[in-house]
Amino acid sequence: DSGVTQTPKHLITATGQRVTLRCSPRSGDLSVYWYQQSLDQGLQFLIQYYNGEERAKGNILERFSAQQFPDLHSELNLSSLELGDSALYFCASSVGEAGELFFGEGSRLTVL
Amino acid sequence: AQSVTQPDIHITVSEGASLELRCNYSYGATPYLFWYVQSPGQGLQLLLKYFSGDTLVQGIKGFEAEFKRSQSSFNLRKPSVHWSDAAEYFCAGGYQKVTFGTGTKLQVIP
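**A few points about the overall build of chain B**
Right, so step 1: Summing up its helical and strand segments, chain B has zero helices and 12 strands in all.
Right, so step 2: For chain B, the N- to C-terminal ordering of α and β elements is β-β-β-β-β-β-β-β-β-β-β-β.
Right, so step 3: Relative to a compact globule of 110 residues, whose C-alpha radius of gyration would be 13 Å, chain B shows 13 Å and is just as compact.
Right, so step 4: Here chain B holds 110 residues, and the buried ones make up 47% of them.
Right, so step 5: Taking the intrachain contacts of chain B between residues at least 6 apart in sequence as the baseline, contacts between residues at least 24 apart amount to 53%.
Right, so step 6: In the structure as shown, chain B presents an accessible area of about 5,400 Å², 49% of it carried by carbon and sulfur atoms.
Right, so step 7: For chain B, the separation between the mean place of its 9 positive charges and that of its 8 negative charges on side chains is 7 Å.

**A look at unusual backbone geometry**
Right, so step 1: P8 of chain A follows T7 of chain A through a cis peptide bond whose omega is -10°.
Right, so step 2: Topologically, P8 of chain A is positioned in the loop between β1 (5-7) and β2 (10-13).
Right, so step 3: Phi is positive for S80 of chain A, close to 45°, though the residue is something other than glycine.
Right, so step 4: By secondary structure assignment, the location of S80 of chain A is in the loop between β8 (74-78) and β9 (87-94).
Right, so step 5: At K61 of chain B, a position not held by glycine, the phi torsion is positive, near 60°.
Right, so step 6: Its location among the elements puts K61 of chain B in the loop between β7 (56-58) and β8 (64-68).
Right, so step 7: Look at K61 of chain B and you get partly exposed, because its relative accessible area is 47%.

**Comments concerning the pattern of salt bridges**
Right, so step 1: The full count for this structure, using the stated rule, is 11 salt bridges over all chains.
Right, so step 2: With a closest N to O distance of 2.6 Å, E97 of chain A and R55 of chain A form a salt bridge. Residue E97 of chain A is located in the loop between β9 and β10 (102-103), and its partner R55 of chain A is located in strand β6 (residues 53-57); the two are separated by 42 residues in the primary sequence.
Right, so step 3: Looking at E97 of chain A, the relative accessible area reads 29%, which means it is partly exposed.
Right, so step 4: Among the salt bridges present, the one from E66 of chain B reaches R77 of chain B, with a minimum N-O distance of 3.2 Å. Within this pair, whereas E66 of chain B is found in strand β8, its partner R77 of chain B is found in strand β9 (residues 73-78), the two being separated by 11 residues in sequence.
Right, so step 5: A residue is classified by how much of its surface remains accessible, and E66 of chain B, at 24% relative accessible area, is partly exposed.
Right, so step 6: According to the relative accessible area criterion, R77 of chain B is partly exposed, its value standing at 23%.

Parameters at a glance
Residues numbered from 1 in each chain as written. Chains lettered and ligands numbered in written order. Predicted model: local features only at pLDDT ≥ 70, side-chain atom pairs only at ≥ 80, totals over all residues. Heavy atoms only, no water. Helix = DSSP H or I, 4+ residues; strand = E, 2+ residues; numbered from the N terminus. Rg over C-alpha atoms; globule rule 2.2 N^0.38 Å. Buried < 20%, exposed > 50% of the residue type's maximum accessible area, 1.4 Å probe, protein only. Contact = heavy atoms within 4.5 Å. Areas by Shrake-Rupley, 256 points an atom, 1.4 Å probe, with all protein chains shown as cover. Lys, Arg positive; Asp, Glu negative; His and termini not counted. Charge placed at Lys NZ, Arg CZ, Asp CG, Glu CD. Salt bridge = Lys/Arg side-chain N within 4 Å of Asp/Glu carboxyl O.

Listed below in structure tokens is the structure:
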């Protein structure tokens, strides 16, 4: 158990819909990272927040947004969903702005 | 572009044999480098990390990796593989934006 909690574990929805994925970092960790894992794209970095502020951004689609709240939990919002958004979404956390990442078990999103 | 490359998609080794998984990095300066392992349906677990200093780093589960600047490599090794080591292994690198290689699936045969 890494200490990073992600909910929901599984989510099935339809194209065009919007979903929110939630992540609680390990106690004491200030950074939260979001990754997308799919068979064709591998593990793709989406975005990083540190103590509530965006710190680094990857190839995150405009339909996707994230934020980190004052209690340090984070949410990833995915809107206007397409079939290709079906993937495993991982959250990770670290103590500082960089360093070793501790991963949650992921949220598996299926878009039908 | 800053990245890590894992040239082997799939590797099969016999139980008890030694293992080496390859990773090459492309960064301007020495990046933070990591090896993670992912079992089916699981998240990623950190095996070891290199930030600076001693170029041979020890990790969990008997794994080690050696940072070689001259070869831009950070290969993962284990002297004797166990059946429970079968999983997918990811090399990763970077500072805040940690990018992952495409992974190497390890199969262990009796």
